[in-house]
Amino acid sequence: AQGLDPWAPFTDEEEWRLVKWLVSRVGHTAIDEFLKLPITSHMNTSFTSKYSLLKAIDKLPCATKWKLKKISMVGNRTANDWQQETEDLELWLCDPVDCIRELMSNPDFDRCVLYAPEKAFAAKEGKTHVFDDMWTGDWWWEMQVS
């Protein structure tokens, strides 16, 4: 949200980068082991255990709700009784319309998304038309005027 600490719920950018690295590169067990190392007591992070780290991560804003769908898949292997084996799986998904709505309403992307067509040229003379994004194409212009 605008006006709030951009690194919240973490202390600062350095801590946020550490958390990002831990979550993207290290498994849960290794995170726990890392945070138990004596040297980590000198880091003065806002979390002291994997549990408190995950609680802080849970405080991060979440745009769309995740939904769980349980599915059963039939595999290509057969069991001893010659029946095809099945496996119960969890499928986590978000509504794509909600995702698009969140992206389009996020003020952080205001300067990244254009709705009005533009004519871009390679030089000031305007002789060579450049087509590099959707909004620079003829189709976009035609859709706006129709």
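Whatever comes next refers back to the structure up there.
Note that this is a predicted model, so its numbers are computed, not measured.

Draft legend 1. Region of interest: the overall build of the chain. Along its length, the chain carries 5 helices and 4 strands. Order of helices (α) and strands (β) in the chain, N terminus to C terminus: α-α-α-β-β-α-β-β-α. In terms of overall dimensions, the chain is more spread out than a globule: its C-alpha atoms have a radius of gyration of 25 Å, far above the 15 Å expected for 146 residues. With respect to the principal axes defined by its C-alpha atoms, the chain has extents near 65 × 60 × 25 Å. For the chain, with 146 residues in total, the buried portion stands at 14%. Pairs at least 24 apart in sequence give 38% of the contacts found in the chain among residues at least 6 apart. With an accessible surface of roughly 12300 Å², the chain has 56% of that area assigned to carbon and sulfur atoms. In the chain, the 17 positive side-chain charges and the 24 negative ones have mean positions that sit 2 Å from each other.

Draft legend 2. Quick look at the packing of helix α2 (residues 28-35) against helix α3 (residues 50-58). It is at 9 Å that the axes of α2 and α3 come closest, and there the two elements cross at 115 degrees. Here His28, Ile31, Asp32 and Leu35 of α2 come into contact with α3, specifically with Lys50, Leu53 and Leu54.

Draft legend 3. Examining a nonpolar patch on the surface more closely. On the surface, a nonpolar cluster with roughly 550 Å² of combined accessible area is contributed by Ile100, Leu103, Met104, Phe109, Val113 and Tyr115. Its location among the elements puts Tyr115 in the loop between α4 (96-105) and β3 (120-121). Among the residues examined, Tyr115 registers a relative accessible area of 47% and is labelled partly exposed.

Draft legend 4. Here's a closer look at helix α1 (residues 13-25). In this model α1 runs 18 Å from its N-terminal to its C-terminal C-alpha over 13 residues, within 8% of the 18 Å that 1.5 Å per residue would give. Inspection of α1 places Glu15, Leu18, Val19 and Leu22 among the buried residues, and these make up the whole buried set. Taken down its axis, α1 places every buried residue within 95 degrees of arc, on the same side. Exposed side of α1, more than 90 degrees from the buried face: Arg17, Lys20, Ser24 and Arg25 are the residues found there. Those residues of α1 that are buried lie in contact with α2 and α3.

Draft legend 5. Representation of the pairing of strand β2 (residues 84-93) within the structure. As judged from the 9 bridges shared by strand β1 (residues 67-78) and β2, these two strands associate in the antiparallel manner. Considered in β2, the bridge of Lys70 is made with Glu90. Here β1 folds back onto β2, and the loop between the two strands holds 5 residues, one of which, Trp82, carries a positive phi near 65 degrees.

Draft legend 6. Representation of the nonpolar core within the structure. Core analysis: the biggest nonpolar cluster contains 10 residues, these being Phe10, Leu18, Val19, Leu22, Val26, Ile31, Leu35, Phe47, Leu53 and Ala56. The set of elements that each furnish at least two residues to this core consists of α1, α2 and α3. Beyond its immediate chain neighbours, meaning those up to four positions away, Leu53 contacts Phe10, Val19, Leu22, Ile31 and Phe47.

Reading the values: rules and limits
- Residues numbered from 1 in each chain as written.
- Predicted model: local features only at pLDDT ≥ 70, side-chain atom pairs only at ≥ 80, totals over all residues.
- Heavy atoms only, no water.
- Helix = DSSP H or I, 4+ residues; strand = E, 2+ residues; numbered from the N terminus.
- Rg over C-alpha atoms; globule rule 2.2 N^0.38 Å.
- Buried < 20%, exposed > 50% of the residue type's maximum accessible area, 1.4 Å probe, protein only.
- Contact = heavy atoms within 4.5 Å.
- Areas by Shrake-Rupley, 256 points an atom, 1.4 Å probe, with all protein chains shown as cover.
- Lys, Arg positive; Asp, Glu negative; His and termini not counted.
- Charge placed at Lys NZ, Arg CZ, Asp CG, Glu CD.
- Axes fitted to C-alpha atoms, helices over the stretch in contact; angles between N-to-C directions.
- Patch = residues over 30% accessible without salt bridge, like charges linked within 9 Å, V, L, I, M, F, W, Y side chains within 5 Å.
- Salt bridge = Lys/Arg side-chain N within 4 Å of Asp/Glu carboxyl O.
- Expected span 1.5 Å × (residues − 1).
- Arc of directions from axis to C-beta.
- Pairing = 2+ DSSP bridges.
- Core = buried A, V, L, I, M, F, W, Y, C linked by side-chain atoms within 4.5 Å.

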